[in-house]
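Here is what each chain is made of, one letter per residue.
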Amino acid sequence: MTAPQSPSPHPVVADFIAHRPLLKRAAWRWMGDRDLADDVMQEAYMKLMQSTPPSGVQQPVAYCMRVVQHLCIDHLRRRKTEQQLRGEADEGLDLEAVTGTPEHQAIGRQLLQCVDRCLRGLPARTRQAFVLHRVHGHTQQEVAQRLGVSTPLVNAMVQDAMRALTRCPELGRSN
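Residues numbered from 1 in each chain as written. Predicted model: local features only at pLDDT ≥ 70, side-chain atom pairs only at ≥ 80, totals over all residues. Heavy atoms only, no water.

## A short note on the overall build of the protein
Logical step 1: Broken down by element type, the protein carries 8 helices and 0 strands.
Logical step 2: Going residue by residue from the N terminus, the α and β elements of the protein occur as α-α-α-α-α-α-α-α.
Logical step 3: Classification of the 175 residues of the protein by burial places 24% in the buried group.
Logical step 4: Sequence separation of at least 24 residues holds for 61% of the intrachain contacts in the protein that already meet a minimum separation of 6.
Logical step 5: Summed over all atoms, the accessible surface of the protein reaches about 12000 Å², with 53% contributed by carbon and sulfur. (Helix = DSSP H or I, 4+ residues; strand = E, 2+ residues; numbered from the N terminus. Buried < 20%, exposed > 50% of the residue type's maximum accessible area, 1.4 Å probe, protein only. Contact = heavy atoms within 4.5 Å. Areas by Shrake-Rupley, 256 points an atom, 1.4 Å probe, with all protein chains shown as cover.)

## Considering the packing of aromatic side chains
Logical step 1: Scanning the model with the defined rule gives 1 aromatic pair in all.
Logical step 2: Taking the ring centre of tryptophan 28 as reference, the NZ or CZ of arginine 34 above it sits at 4.2 Å. (Phe/Tyr/Trp six-rings, centres within 6.5 Å; stacked < 30°, edge-to-face > 60°. Lys NZ or Arg CZ within 6 Å of the ring centre and 35° of its normal.)

## Observations concerning the packing of helix H6 (residues 124–135) against helix H7 (residues 140–147)
Logical step 1: At a minimum axis separation of 9 Å, H6 and H7 run at an interaxial angle of 140 degrees. Classified by the angle their axes make, H6 and H7 are oblique. Of the two possible hands of crossing, H6 and H7 adopt the one that is right-handed. In this structure, H6 contributes Arg125, Gln128, Ala129, Leu132 and His133 to the contact, and H7 contributes Gln140, Val143, Arg146 and Leu147.
Logical step 2: Per-class residue counts for the contact of H6 with H7 are 4 nonpolar, 3 polar and 2 charged. (Axes fitted to C-alpha atoms, helices over the stretch in contact; angles between N-to-C directions. Parallel < 35°, antiparallel > 145°, perpendicular 65-115°, else oblique. Left-handed = near helix turned anticlockwise from the far one by under 90°. Nonpolar A, V, L, I, M, F, W, Y, C, P; charged D, E, K, R; others polar.)

## What about the nonpolar core?
The nonpolar side chains of soluble globular proteins are, as a tendency, buried together.
Logical step 1: Of all hydrophobic cores here, the largest spans 19 residues; its most connected members are Phe130, Leu147 and Val154.
Logical step 2: Those elements that provide at least two residues to this core are helix H5 (102–120), H6, H7 and helix H8 (151–167).
Logical step 3: For this core, the leading source of residues is H8, giving 7 residues.
Logical step 4: Excluding residues that lie within four positions of it along the chain, leucine 147 makes contacts with Arg125, Gln128, Ala129, Leu132 and Met157.
Logical step 5: Judged by nonpolar contacts, the second largest core, of 16 residues, contains Val12, Val13, Met41 and Val68. (Core = buried A, V, L, I, M, F, W, Y, C linked by side-chain atoms within 4.5 Å.)

## Examining H8
Logical step 1: An ideal rise of 1.5 Å per residue puts 24 Å on 17 residues; H8 measures up with 25 Å between its terminal C-alpha atoms.
Logical step 2: For H8, the complete set of buried residues consists of Val154, Met157, Val158, Ala161, Met162, Ala164 and Leu165. All buried residues of H8 project into a common sector of 160 degrees when viewed along the axis, lining one side. (Expected span 1.5 Å × (residues − 1). Arc of directions from axis to C-beta.)

## Re the confidence of the model for the protein
Logical step 1: In the predicted model, the protein carries a mean pLDDT of 80, and 81% of its residues have values of at least 70.
Logical step 2: Across the protein, element-level confidence peaks in H7 with a mean pLDDT of 92 and bottoms out in H5 with 75.
Logical step 3: Below a pLDDT of 50 lies the segment residues 95–99, which in the model reaches 3 contacts outside its immediate sequence neighbourhood of four places, other chains included. (pLDDT = per-residue confidence, 0-100.)

## Digging into the side chain of histidine 133
Logical step 1: Take histidine 133: it is sitting in helix H6.
Logical step 2: Not counting residues within four places of it along the chain, the set of residues in contact with histidine 133 comprises Arg78, Glu82, His138, Thr139, Gln140, Val143 and Val158.

## Observations regarding helix H1 (residues 11–18)
Since there are 3.6 residues in each turn of an α-helix, residues three or four apart along the chain are aligned in direction.
Logical step 1: Buried residues of H1: Val12, Val13 and Phe16, and no others. Buried residues of H1, seen end-on, are gathered within an arc of 100 degrees and therefore sit on one face of the element. Facing away from the buried side of H1 by more than 90 degrees, the exposed set consists of Pro11 and Ala18.

## With respect to the packing of H7 against H8
Logical step 1: Interhelical geometry of H7 versus H8 gives an angle of 105 degrees and a closest axis separation of 8 Å. Taken together, the axis directions place H7 and H8 in an arrangement best described as roughly perpendicular. Here Gln140, Gln141, Val143, Ala144 and Leu147 of H7 come into contact with H8, specifically with Thr151, Val154, Asn155 and Met157.
Logical step 2: When grouped by side-chain class, the residues that make up the contact of H7 with H8 number 5 nonpolar, 4 polar and no charged.

Put into structure tokens, the structure is as follows:
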């Protein structure tokens, strides 16, 4: 008796595997970092394995390149947003002066309470997406799977939460 064979991958996945070095070089050029390029390549492979490409793909390598390019753009946007948010959070703070004194700890608790109050004004799912992504460090794709929604929707919910926080008068950032 022969062992059952696993289903062969979609032809686009086979082309992805065959042209991986070319795709990885492109990801590295776009990302400027080999480790990030590896992350993008892994994410692209998973995306191609989990989905069915549109019917009638005439140029599978070009399709794979487009998937890699879009994921690179997503990663770069996310990194830019995170850098902006870190910069805004660090404005006016002398990080070396924060020594963990009881006074600083009390201020930190008050700040967290303000953030919590602002987030409570959001829909529960938006709040949960924000906390999972920004606080617990889950990727947007992981959050999407956990909440049963699309990754773009998770991105929109996280952005909504960030906008709510920047407008929160308790945090002294009303625009």
